[in-house]
Amino acid sequence: KKYKQKMKRNNRCQAPWRAENLYNYGSEKKFERPPRPIFLEAHRGGRGENPENTLKAYGHAIQLNCDSIELDVWLTKDKKLVVIHGSDEGDISHSTNGFGKVPELTFQELRKFDAGEGEQIPSFEEVLSLCKDQIFVNIEIKPLQTPEVVDHVYDCLVQYDFFGQCAVSSFNHDFLRKMRELGGDAVEIGCLYDDEVPLPSIDEILSSPGQTVNISFGDLTPEMVEQIHNMGKGVLAWMSSKNGKEADWYEHLLEMKVDSICVDYPFQVLTSLAQVQIGLPNSLVVESLVIAQIVS
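Computed from a prediction, not measured in an experiment: that's the story for all the values here. (Residues numbered from 1 in each chain as written. Predicted model: local features only at pLDDT ≥ 70, side-chain atom pairs only at ≥ 80, totals over all residues. Heavy atoms only, no water.)

Next up on the list: the overall build of the chain. Along its length, the chain carries 11 helices and 11 strands. Scored against the burial criterion, the 296 residues of the chain give a buried share of 54%. A separation of at least 24 residues holds for 62% of the contacts in the chain among residues at least 6 apart in sequence. In the structure as shown, the chain presents an accessible area of about 13,000 Å², 49% of it carried by carbon and sulfur atoms. (Helix = DSSP H or I, 4+ residues; strand = E, 2+ residues; numbered from the N terminus. Buried < 20%, exposed > 50% of the residue type's maximum accessible area, 1.4 Å probe, protein only. Contact = heavy atoms within 4.5 Å. Areas by Shrake-Rupley, 256 points an atom, 1.4 Å probe, with all protein chains shown as cover.)

Moving on: the packing of helix 1 (residues 55–63) against helix 4 (residues 124–131). Geometry of a packed helix pair, given as the angle between the helix axes and the separation of the axes. Look at helix 1 against helix 4: their axes get within 11 Å of each other, and the N-to-C directions meet at 20 degrees. The angle between helix 1 and helix 4 places the two elements in the roughly parallel class. Every pair of crossing elements has a handedness; the one defined by helix 1 and helix 4 is right-handed. Residues L55, Y58, G59 and I62 of helix 1 pack against E126, V127, L130 and C131 of helix 4. Across the contact of helix 1 with helix 4, the residue classes break down as six nonpolar, one polar and one charged. (Axes fitted to C-alpha atoms, helices over the stretch in contact; angles between N-to-C directions. Parallel < 35°, antiparallel > 145°, perpendicular 65-115°, else oblique. Left-handed = near helix turned anticlockwise from the far one by under 90°. Nonpolar A, V, L, I, M, F, W, Y, C, P; charged D, E, K, R; others polar.)

This next bit is on the pattern of salt bridges. A side chain with one charge can pair with a side chain of the opposite charge if their charged atoms come near. Counting across every chain of the model gives 12 salt bridges. For K142, the salt bridge is made with D72, and the minimal N-O distance between the two is 3.8 Å. In this pair, K142 sits in the loop between strand 6 (136–141) and helix 5 (148–159) while D72 sits in strand 4 (residues 68–75), placing the two residues 70 residues apart along the sequence. Across the pair, exposure class does not vary: K142 and D72 are buried alike. (Salt bridge = Lys/Arg side-chain N within 4 Å of Asp/Glu carboxyl O.)

A word on the packing of aromatic side chains. Within the structure shown, the criterion is met by two aromatic pairs. Taking 5.9 Å as the distance between ring centres and 80 degrees as the angle between the ring planes, the aromatic pair formed by F39 and F136 counts as edge-to-face. Pair noted here: F39 is in strand 3 (residues 39–42) and F136 is in strand 6, with a separation of 97 residues, a long-range link. Residues F39 and F136 agree in their burial class; the two are buried. Sitting over the ring of F107, K80 keeps its end group 5.3 Å from the ring centre. (Phe/Tyr/Trp six-rings, centres within 6.5 Å; stacked < 30°, edge-to-face > 60°. Lys NZ or Arg CZ within 6 Å of the ring centre and 35° of its normal.)

Buried residues dominate strand 7 (residues 166–170), accounting for five of its five residues. Burial along strand 7 is two-sided: C166, V168 and S170 facing one way and A167 and S169 facing the other are all buried. With four bridges connecting them, strand 6 and strand 7 associate as parallel partners. By the bridge assignment for strand 7, E140 is matched with S169. With helix 5 bridging strand 6 and the parallel strand 7, this β-α-β connection has right-handed handedness. Handedness of the crossover joining strand 7 and strand 8 (residues 188–193) through helix 6 (residues 173–183) is recorded here as right-handed. (Pairing = 2+ DSSP bridges. Right-handed = clockwise from strand over helix to strand, strands pointing away.)

This part is about the confidence of the model for the chain. Per-residue confidence for the chain averages 82 on the pLDDT scale, and 78% of its residues sit at or above 70. Counted against residues more than four places away or in other chains, residues 16–34, with its pLDDT under 50, gives 48 contacts. (pLDDT = per-residue confidence, 0-100.)

Turning our attention to the nonpolar core. Counting 60 residues, the largest nonpolar core has L71, F124 and V153 as the members making the most contacts within it. No other element matches the six residues that helix 5 contributes to this core. Ignoring any residue separated from it by four or fewer positions in sequence, one finds F124 in contact with L71, V73, L81, V82, V83, I139, V153, C156 and L157. V82, V102, L110 and A115 belong to the second-largest nonpolar core, a separate cluster that totals 10 residues. (Core = buried A, V, L, I, M, F, W, Y, C linked by side-chain atoms within 4.5 Å.)

Spelled out as structure tokens, the structure:
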């Protein structure tokens, strides 16, 4: 709640691969994207600048005027959805002071652990409530869990009337097919591809069930981006540490014409935008950055 109270502004809440420039949530209020050439997504809320997958990180990403946030979803032992990366099969030790795996712990057991700077592991519902009508959300369902997690995610999206303001992504494409069966065309789908294994053929990628193809930037080529666009799909490039400083790749990503970039350091990228005067007018970027630092 303390983060929600700080957010008086409205964000775009629109997927970059949609043709329309304005998105209506059933009221007279519409959300308009600024003239930024790439959709800027904060990976785990911007894990290089705040404790990852926490309300603090997501609140800061909203204040930074990011276009989207990315989060990771797991199902707990007592069937509660929580937002945490959970390496391997849900191991919590890399991002909290606790030990164990998400599917083997209850929600209340997980809440006892520190996710960084005193932050708790948030529930999925808490993050949806924070982001509602504020920012687009990329929901990654972690692959190494039981398929029932898809039903729980879908039910939450229905409960919060969140369709149109989110995409569901996963490395487990069977999860995505199930989500498509549950929600039909109302659900935006993003097919994730692992940078640690060889990519499938371009034909297989193009026949994927999603509206977007989410690939590590290091695996993308201009030709691949063009082929994906020709199939009417969007391209989300996610960065990893082996790519180097994220801001240094921004102009190259512009040249490749990707639709969205998922970054660990959104403040760094926005600062680069202000310095080279790409995207938002310099004064608006600086104003956004100053406000965000004051609030944080």
